Amino acid sequence: DTSGSITDEMVSDFLGEVKGMLELYNSYAVKVFCFDTSVLAEADFSSDGGDDILDYQPQGGGGTDFEVCWEHLKANDIVPKQFIMFTDGYPFGSWGDANYCDTLFVIHGNDKIEAPFGVTAHYEFEKTRA
């Protein structure tokens, strides 16, 4: 989620978490994209080498439409083993397609929000940043 309510710090946290996940595996293939009211900056990362996830350049800043993620996946015949959405948990309307794929919502900054499907994890961030 790179909508207008997502700060640069949050995006940095999101990318840091993805990097941490990738470092746990010897072999991986990950598709990353941003979204606000459309899908932006799609990129592939794999253990075969290439770009570092921390060099990824996020795009966005508009409204929030979670549904565009599922529309993009379906339109491109992408069925992920696990779809992980990093967000602040404020969709405009639908949270997406509960039946399309296993989904993990990592919600940053608000431990009161629970996604209506999939698994919800709350991101604990350092509140004493300088």
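Residues numbered from 1 in each chain as written. Predicted model: local features only at pLDDT ≥ 70, side-chain atom pairs only at ≥ 80, totals over all residues. Heavy atoms only, no water.

(A) Examining the sheet that holds strand β3 (residues 83–87) more closely. The three strands are arranged β3-β4-β5 in an open sheet whose pairing can be described as parallel. Each of the sheet's edge strands pairs with one partner strand only, and the pair in question is β3 and β5 (119–123). Neighbour-to-neighbour, the strand axes of the sheet open up by a mean angle of 20°, direction not taken into account. With five bridges connecting them, strand β4 (residues 103–108) and β5 associate as parallel partners. Following the sheet pairing, Val-106 is matched in β5 by Ala-121. This element, helix α1 (residues 8–22), spans β3, β4 and β5 of the sheet and lies at about 150° to β3. Contacts between helix α2 (residues 67–75) and the sheet are confined to β3 and β4, with β3 contributing the most and set at about 150° to the helix. (Pairing = 2+ DSSP bridges. Helix = DSSP H or I, 4+ residues; strand = E, 2+ residues; numbered from the N terminus. Axes fitted to C-alpha atoms, helices over the stretch in contact; angles between N-to-C directions. Contact = heavy atoms within 4.5 Å.)

(B) Examining α1 more closely. Along its 15 residues, α1 runs 21 Å from first to last C-alpha, staying within 8% of the 21 Å computed at 1.5 Å per residue. Of the residues making up α1, those classed as buried are Met-10, Val-11, Asp-13, Phe-14, Leu-15, Val-18 and Leu-22. Buried residues in α1 make contact with β1 (29–35), β3, β4 and β5. (Expected span 1.5 Å × (residues − 1). Buried < 20%, exposed > 50% of the residue type's maximum accessible area, 1.4 Å probe, protein only.)

(C) Summary view of the side chain of Asp-36. Structurally, Asp-36 can be placed in the loop between β1 and β2 (39–46). Buried within the structure, Asp-36 lacks any salt-bridge partner; its nearest side chain of opposite charge belongs to Lys-31, at an N-O separation of 18 Å. Leave out the neighbours within four places in its chain, and Asp-36 touches Thr-2, Ser-3, Gly-60, Gly-61, Gly-62, Gly-63, Thr-64, Asp-65 and Val-68. (Lys, Arg positive; Asp, Glu negative; His and termini not counted. Salt bridge = Lys/Arg side-chain N within 4 Å of Asp/Glu carboxyl O.)

(D) Here's a closer look at the side chain of Thr-64. Here Thr-64 is to be found in the loop between β2 and α2. Separated by 2.9 Å, the side chains of Thr-64 and Ser-3 make a polar contact. Residue contacts for Thr-64: discarding those within four places in its chain leaves Asp-1, Ser-3, Phe-35, Asp-36, Thr-37, Tyr-90, Pro-91 and Phe-92. (Polar contact = N/O pair within 3.5 Å; in protein donor to acceptor, adjacent residues only side chain to side chain.)

(E) Quick peek at the nonpolar core. In terms of nonpolar packing, the biggest core is built from 17 residues, with Phe-66, Cys-69, Trp-70, Phe-83, Met-85, Trp-95 and Phe-105 touching the most fellow members. Every element with two or more residues in this core is listed here: β1, α2, β3 and β4. For this core, the leading source of residues is α2, giving four residues. Beyond its immediate chain neighbours, meaning those up to four positions away, Trp-70 contacts Phe-83, Met-85, Trp-95, Gly-96, Asp-97, Tyr-100, Cys-101, Thr-103, Phe-105 and Phe-117. Among the nonpolar cores identified, the runner-up in size contains 16 residues, and Leu-15, Ala-43, Tyr-56 and Tyr-123 belong to it. (Core = buried A, V, L, I, M, F, W, Y, C linked by side-chain atoms within 4.5 Å.)

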